[in-house]
Amino acid sequence: MTTTPTAQTTTPATASGTAEGAAHRHGPRLHWAKLTPDVYKAMIALDAAAKQGLDPTLVELVKIRASQLNHCAFCIDMHIKDAREAGETEQRVYLLNAWEEAAGHYTDKEQAALALTEAITLLTDGFVPDAVYDRAAGHFGDTELAQLIALITTINAWNRFGVATRMAPGHA
């Protein structure tokens, strides 16, 4: 039996070590939710509990922003659709990636939530800065702030499932 060599092309690697544009040209790695149904059900329950008492449009803004930071295309796609259903405007969705520069389009409370989302999602200094936490605490009561922290933590977990298993936008 003889084998024919497969032609391989090389593409310059980016700083992240992947070929430019090649990172997501293939389908999902595995269907984690089907393989671990108890984990999936627990995540659904955690997600439902985390958003209780929070404004539905704020919930979606937070989920979209965390998903943008985590590069989770599946979650970005899903939560933009959910935001539209919750009454969010196209303009605010489009500007979300640059919300600080477009601050006039978001309330002070939303800006505080988005800043906290970024701080918890990125943890660039290994902690959430006091100024960011205090800003959020100034707009949210203790219970609502605890819910917001739970929401941010939950969407980050969802994002990690989506990114690790390469979930594709528009496919459940």
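Small disclaimer: the values here were computed from a predicted structure and weren't measured.

The number of helices and strands found in the protein chain is 8 helices and 0 strands. Its helices and strands taken in sequence order, the protein chain reads α-α-α-α-α-α-α-α from the N to the C terminus. Per-residue burial for the protein chain yields a buried fraction of 34% across its 172 residues. Looking at the protein chain as shown, the accessible area adds up to about 10,400 Å², and 57% of this sits on carbon and sulfur atoms.

Another point: the state of the cysteines. By the definition in use, this model includes 0 disulfides. With no disulfide of its own, Cys72 has Cys75 as its nearest cysteine by sulfur position, at a separation of 3.3 Å. In this structure Cys72 comes out as buried when scored by relative accessible area, which is 2%.

We now examine the side chain of Asp47. Turning to its location among the elements, Asp47 is positioned in helix α2 (residues 37-50). Judged by relative accessible area, which is 12%, Asp47 ranks as buried. What Asp47 contacts, discounting residues up to four positions off in sequence, is Lys63, Thr154 and Trp158.

Turning our eyes to something else, we now look at unusual backbone geometry. Residue His71 is not a glycine yet carries a positive backbone phi of 60 degrees. With respect to the helices and strands, the residue His71 is situated in the loop between α3 (56-69) and α4 (73-85). Here His71 falls in the exposed class, since its relative accessible area comes to 63%. One non-glycine residue, Arg166, adopts positive backbone phi at about 55 degrees. Within the secondary structure, Arg166 is located in the segment after α8 (142-164).

With respect to the helices, strands and loops of the structure, Ala146 is situated in helix α8. Distance from Ala146 to Ala50, taken between C-alpha atoms, is 8.6 Å for residues 96 residues apart in sequence.

Moving on, we come to the packing of aromatic side chains. For the structure shown, the criterion picks out 4 aromatic pairs. Here Trp32 and Trp158 contribute two aromatic rings whose centre-to-centre distance is 6.0 Å and whose plane-to-plane angle is 55 degrees, an arrangement assigned as tilted. With a gap of 126 residues between them, Trp32 in helix α1 (residues 32-35) and Trp158 in helix α8 connect regions that are remote in the sequence. Side by side, Trp32 and Trp158 carry an identical accessibility label, which is buried. Between the aromatic rings of Trp32 and Phe161, the centroid separation amounts to 3.8 Å while the plane-to-plane angle is 10 degrees, which identifies the pairing as stacked. With a gap of 129 residues between them, Trp32 in helix α1 and Phe161 in helix α8 connect regions that are remote in the sequence. Among the aromatic residues, ring-to-ring pairing joins Trp32, Tyr40, Trp158 and Phe161 into one connected group.

Its 14 residues place the ends of α3 20 Å apart at the C-alpha level, agreeing with the 20 Å of an ideal helix rising 1.5 Å per residue. Where burial is concerned, most of α3 is hidden: 13 out of the 14 residues are buried. Phi for His71, located one or two positions after α3, is positive at around 60 degrees.

Calculation rules
Each chain carries its own residue numbering, running from 1 in the written order of its sequence. The model is predicted, so local features are restricted to residues of pLDDT at least 70 and side-chain atom pairs to those at 80 or more, both for listing and for counting; the totals for chains, interfaces and linings are taken over all residues. As a convention, hydrogens and water are excluded, and side-chain values are obtained from all of the structure's heavy atoms. Here a strand is any run of E in DSSP of at least two residues, a helix any run of H or I of at least four, and the numbering for each starts at the N terminus. The cut-offs for exposure are 20% and 50% of the maximum accessible area for each residue type, with area from a 1.4 Å probe on protein chains only; residues under the lower value are buried, those over the upper are exposed, and the others partly exposed. Computed with a 1.4 Å probe, the accessible areas rest on the Shrake-Rupley method; for each residue, only the protein chains presented here act as cover. In this description, the term disulfide denotes a pair of cysteine sulfurs within 2.5 Å. Every residue pair with non-hydrogen atoms within 4.5 Å of one another is taken to be in contact. Any two rings among Phe, Tyr and Trp, with Trp reduced to its six-membered ring, count as a pair given centres within 6.5 Å; such a pair is stacked if its planes are under 30 degrees apart, edge-to-face if over 60, and tilted if neither. Multiplying 1.5 Å by the residue count of a helix minus one yields the expected span of that helix.

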